[in-house]
Amino acid sequence: MPEDLLRLLRGDPEFYEPVRRLKLTDELITLPERFAAFAARVDDVIARPEHFNDEQWQFNQQVDGCIAQQKQFNERVESRFDRI
């Protein structure tokens, strides 16, 4: 008897789905989709620090350039004051 039921479930998708709905909760049925969405969010969170690090590196490069320009300016100003 159980084998007949299993054979019927495996062989007839129209019969399988209603029985599946009776045995499983909506949470279990939607679990694969929900897990895929969760995994995508985790991947995004993991990728953000790498993106942030790239942006931070670019910002640091810009700051370093500004500091170098400021040093040159300061040297020119000091040189002019020394001449005065």
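Residues numbered from 1 in each chain as written. Predicted model: local features only at pLDDT ≥ 70, side-chain atom pairs only at ≥ 80, totals over all residues. Heavy atoms only, no water.

### Thoughts on the overall build of the chain
- When you go through the chain residue by residue, the secondary structure sums to four helices and zero strands.
- Helices (α) and strands (β) of the chain occur, in sequence order from the N terminus, as α-α-α-α.
- For a compact globule of 84 residues, the expected C-alpha radius of gyration is about 12 Å, and the chain comes in at 33 Å, more than 25% above that figure.
- Considering only C-alpha atoms, the chain reaches an extent of 110 × 20 × 15 Å along its principal axes.
- Of the charged side chains in the chain, 12 are positive and 17 negative, and the gap between their average positions amounts to 3 Å. (Helix = DSSP H or I, 4+ residues; strand = E, 2+ residues; numbered from the N terminus. Rg over C-alpha atoms; globule rule 2.2 N^0.38 Å. Lys, Arg positive; Asp, Glu negative; His and termini not counted. Charge placed at Lys NZ, Arg CZ, Asp CG, Glu CD.)

### Quick word on the confidence of the model for the chain
- Looking at the chain, pLDDT values average 86 and 100% of them are 70 or higher.
- Within the chain, the lowest mean pLDDT, 81, falls on helix α2 (residues 13-23), and the highest, 88, falls on helix α4 (residues 31-83). (pLDDT = per-residue confidence, 0-100.)

### Focus on the pattern of salt bridges
- Overall, the coordinates contain three salt bridges when judged by the stated rule.
- With a shortest N-O distance of 3.6 Å, glutamate 17 and arginine 20 are connected by a salt bridge. Remark: arginine 20 and glutamate 17 occur in helix α2; sequence separation between them is three residues, near one turn of the helix.
- On the basis of relative accessibility, which here comes to 34%, the residue glutamate 17 falls in the partly exposed class.
- For arginine 20, a relative accessible area of 26% gives the class partly exposed.
- Among the ionic pairs, aspartate 26 bridges to arginine 21, the shortest N-O distance being 3.0 Å.
- On the basis of relative accessibility, which here comes to 53%, the residue aspartate 26 falls in the exposed class.
- The class for arginine 21 is partly exposed, based on a relative accessible area of 45%. (Salt bridge = Lys/Arg side-chain N within 4 Å of Asp/Glu carboxyl O. Buried < 20%, exposed > 50% of the residue type's maximum accessible area, 1.4 Å probe, protein only.)

### What about a nonpolar patch on the surface?
- Residues Phe35, Phe38, Val42 and Ile46 make up a contiguous nonpolar surface patch of about 400 Å² in total accessible area.
- By the secondary structure assignment, phenylalanine 35 is in helix α4. (Patch = residues over 30% accessible without salt bridge, like charges linked within 9 Å, V, L, I, M, F, W, Y side chains within 5 Å. Areas by Shrake-Rupley, 256 points an atom, 1.4 Å probe, with all protein chains shown as cover.)

### Section: the packing of helix α1 (residues 2-11) against α2
- For the pair α1 and α2, interaxial distance at closest approach is 6 Å and the crossing angle is 110°. Of the possible angle classes, the one that applies to α1 and α2 is roughly perpendicular. Seen from α1, the contacting residues are Leu5, Leu8, Leu9 and Gly11; seen from α2, they are Pro13, Phe15, Tyr16 and Val19. (Axes fitted to C-alpha atoms, helices over the stretch in contact; angles between N-to-C directions. Parallel < 35°, antiparallel > 145°, perpendicular 65-115°, else oblique. Contact = heavy atoms within 4.5 Å.)

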